[in-house]
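# A look at the structure
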Amino acid sequence: MSVMVARKKVVRKWEKLPGRNTFCCDGRIMMARQKGIFYLTLFLILGTCALFFAFECRYLAVQLSPAIPVFAAVLFLFAMATLLRTSFSDPGVIPRALPDEAAFIEMEIEATNGTVPQGQRPPPRIKNFQINNQIVKLKYCYTCKIFRPPRASHCSICDNCVERFDHHCPWVGNCVGKRNYRYFYLFILSLSLLTIYIFAFNIVYVALKSLKIGFLNTLKETPGTYPSMSLTVLTVLEVLICFFTLWSVVGLTGFHTFLVALNQTTNEDIKGSWTGKNRVQNPYSHGNIVKNCCEVLCGPLPPSVLDRRGILQQEESTAQEGSCPRGPGTQEPPATQGPGQAQEGHCVLSPQVPAPSSDTEMPEEKQRTPGELAVPSADAGRAEH
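No experiment lies behind these values; they were computed from the predicted model shown.

## Some details on the overall build of the chain
In terms of helices and strands, the chain carries nine helices and 14 strands. Of all 385 residues assigned to the chain, the portion counted as buried reaches 35%. The long-range fraction of contacts in the chain, counting pairs at least 24 apart against all pairs at least 6 apart in sequence, stands at 64%. By element, 61% of the accessible surface of the chain is carried by carbon and sulfur atoms, the whole surface being about 24600 Å².

Below is the structure:
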């Protein structure tokens, strides 16, 4: 006999979130779907630092100072921590409007704009908002069905609206926004220092070796564990990687330092929001470099509004085979049950009804004495005739 058992399946909210993001560790890690360049970033950092710690650091620690590998390790760990924090965190994604909220916003827009004649283009969906005595336009997002907050923008790669959107960085595999911009800036700053550090001490290593055994002999020197590859070839490889990385990473760090000092985002700088033809003043700037840097890098970090690990409960019914004990008064439930009757798969018990005995009065006949003949009733006589 099959029994229907209702089970509650726990579903996290991150499993139902729209957008093009990937989640790991039960929603604790949030990244973009395109992560190939992020893996390349990890490979370049880990590979370069591994070669530096394996070969040059041992020689420099003995010849110059043991503090050289220690300081390099601190820079490496800080750069990796800020990279992972930038890549694995919510950049400030704004939840999309629920169906009821979207319908209410549509009603507000129709009430504001009125009926648009057929053939005419409807007016842009914009709200004006005042910040520091300056009018800022809030634009409507047709994908998320919301009016975006100030400085927010929709990322076409992740398909989400991000608060204080700066840009989408494929090197970290995530958007850069309000909740992870400070970690992104600290990452590129520490990576610039680490690149300069490794680049400088690689040159020092080659110079010290050349002073002892000559430059040509240094190029021919091979370590015992790698007889087929010159040790200096690995050093030259590190120098080349650091050299080409310097131009991009250090330049990027300088550009973002300029933006932090002005309290501006990359998206606003590219669009020319505050330096365009209108020459509109930036309403978010405090007019002081120190105050702007403190707000961007040291201000309070807002919590995520996604609630990725919130629980959504969904009921599932599964059929199980089982037997139901039957007593003398047990009967099967009817095939078709009405409201208020027992559900399928449950046994129904009913009280036992005693069978009528011979001494019980019958409704059609009178009780007769022994020896008295039974007198047929009138209905019985009609039936015989």
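## Examining the nonpolar core
Generally speaking, a soluble globular protein has its nonpolar side chains buried in company with each other. Counting residues in each nonpolar core, the largest one holds 38 residues, and the members touching the most others are I45, F52, L83, Y181, F184, F187 and Y197. For this core, the secondary-structure elements that each account for two or more residues are β3 (29-32), α1 (36-63), α2 (67-88), α4 (181-213) and α6 (231-262). Broken down by element, this core gets its largest block of residues, 13 residues, from α4.

## Topic: the pattern of salt bridges
Per the counting criterion, the structure on display carries six salt bridges. Note that K127 and E108 form a salt bridge whose closest N and O atoms lie 4.0 Å from each other. With a gap of 19 residues between them, K127 in strand β5 (residues 126-131) and E108 in helix α3 (residues 99-113) connect regions that are remote in the sequence. By relative accessible area, which is 36% here, K127 ends up partly exposed. Accessibility expressed as a relative area gives 33% for E108, which makes it partly exposed. Salt-bridge contacts for E163 lead to K178; the nearest nitrogen and oxygen are separated by 3.4 Å. In this pair, E163 is assigned in the loop between β9 (160-162) and β10 (167-169) and K178 in the loop between β11 (174-176) and α4, connecting sequence segments 15 residues apart. Relative accessible area serves as the criterion here: at 36%, K178 is assigned to the partly exposed category.

## Let's talk about a nonpolar patch on the surface
Nonpolar side chains collect at one region of the surface, where I37, L40, F43, L44 and W171 lie side by side and expose about 490 Å² of accessible area between them. By the secondary structure assignment, I37 is in helix α1.

## Remarks on the packing of aromatic side chains
By the definition in use, this model includes 14 aromatic pairs. A ring pair is formed by F71 and Y197, whose centres lie 5.4 Å apart and whose planes are at 55°; its orientation type is tilted. On the criterion of sequence distance, the pair formed by F71 in helix α2 and Y197 in helix α4 is long-range, its members being 126 residues apart. Judged by relative accessible area, which is 45%, F71 ranks as partly exposed. Over the ring of Y284 we find R151; its NZ or CZ atom is 4.1 Å from the centre of that ring. Stacked on the ring of Y181, the Lys or Arg R164 has its end atom at 5.4 Å from the ring centre.

## Description of the confidence of the model for the chain
For the chain, the average pLDDT comes to 77, and 69% of its residues sit at 70 or higher. Here strand β14 (residues 348-349) stands out as the element of the chain with the lowest mean pLDDT, 42, in contrast to α2, whose mean of 95 is the highest. Here residues 222-229 is modelled with pLDDT under 50, and outside its nearest four sequence neighbours on either side it reaches nine contacts, counting other chains as well. The low-confidence segment residues 333-385, where pLDDT is below 50, has 21 contacts with residues more than four positions distant or belonging to other chains.

## Quick look at the sheet that holds β5
Strand order in the open sheet formed by three strands is β5-β6-β7, with antiparallel pairing between adjacent strands. Strand pairing shows two members of the sheet lacking a second neighbour, β5 and β7 (146-147), which therefore form its edges. Across two bridges, strand β6 (residues 134-141) lies against β7 in antiparallel orientation. The residue bridging C141 from the neighbouring strand is I146, located in β7.

## Some details on the environment of G173
With respect to the helices and strands, the residue G173 is situated in the loop between β10 and β11. When the C-alpha positions of G173 and T41 are compared, they lie 9.5 Å apart, and in sequence the two are 132 residues distant. Each residue touching G173, except ones within four places of it in the same chain, is listed here: M31, A32, Q34 and F38.

## A word on the packing of α1 against α2
α2 packs onto α1 with a crossing angle of 170° between their chain directions and a minimal axis gap of 10 Å. With respect to each other, α1 and α2 are oriented roughly antiparallel. In this structure, α1 uses F38, T41, L42, I45, L46, C49, F52, F53, C57, L60 and A61 to contact α2, whose residues at the interface are I68, P69, A72, A73, F76, M80, L83, L84, S87 and F88. Here the contact of α1 with α2 is composed, by residue class, of 19 nonpolar, two polar and no charged.

## So, the UniProt feature "transmembrane region" (unreviewed entry) in the chain
As annotated in UniProt, the feature "transmembrane region" (unreviewed entry) corresponds to residues 37-55, 67-84, 183-208 and 228-250 in the numbering used here. For residues 67-84, helix accounts for 100% and strand for 0%, while the C-alpha atoms at its two ends are 26 Å apart. End C-alpha atoms of residues 183-208 are separated by 37 Å, and the span's content is 100% helix alongside 0% strand.

## Digging into the sheet that holds strand β4 (residues 93-94)
What the three strands build is an open sheet, ordered β4-β9-β8; its pairing is antiparallel. Lying at the two open borders of the sheet, with one neighbouring strand each, are β4 and β8 (153-155). Pairing of β8 with β9 involves three bridges; the strand directions are antiparallel. The residue of β9 that forms the bridge with S153 is V162.

Thresholds, definitions, all that
Residues numbered from 1 in each chain as written. Predicted model: local features only at pLDDT ≥ 70, side-chain atom pairs only at ≥ 80, totals over all residues. Heavy atoms only, no water. Helix = DSSP H or I, 4+ residues; strand = E, 2+ residues; numbered from the N terminus. Buried < 20%, exposed > 50% of the residue type's maximum accessible area, 1.4 Å probe, protein only. Contact = heavy atoms within 4.5 Å. Areas by Shrake-Rupley, 256 points an atom, 1.4 Å probe, with all protein chains shown as cover. Core = buried A, V, L, I, M, F, W, Y, C linked by side-chain atoms within 4.5 Å. Salt bridge = Lys/Arg side-chain N within 4 Å of Asp/Glu carboxyl O. Patch = residues over 30% accessible without salt bridge, like charges linked within 9 Å, V, L, I, M, F, W, Y side chains within 5 Å. Phe/Tyr/Trp six-rings, centres within 6.5 Å; stacked < 30°, edge-to-face > 60°. Lys NZ or Arg CZ within 6 Å of the ring centre and 35° of its normal. pLDDT = per-residue confidence, 0-100. Pairing = 2+ DSSP bridges. Axes fitted to C-alpha atoms, helices over the stretch in contact; angles between N-to-C directions. Parallel < 35°, antiparallel > 145°, perpendicular 65-115°, else oblique. Nonpolar A, V, L, I, M, F, W, Y, C, P; charged D, E, K, R; others polar. UniProt positions renumbered as here; feature names shortened; annotations may be inferred.

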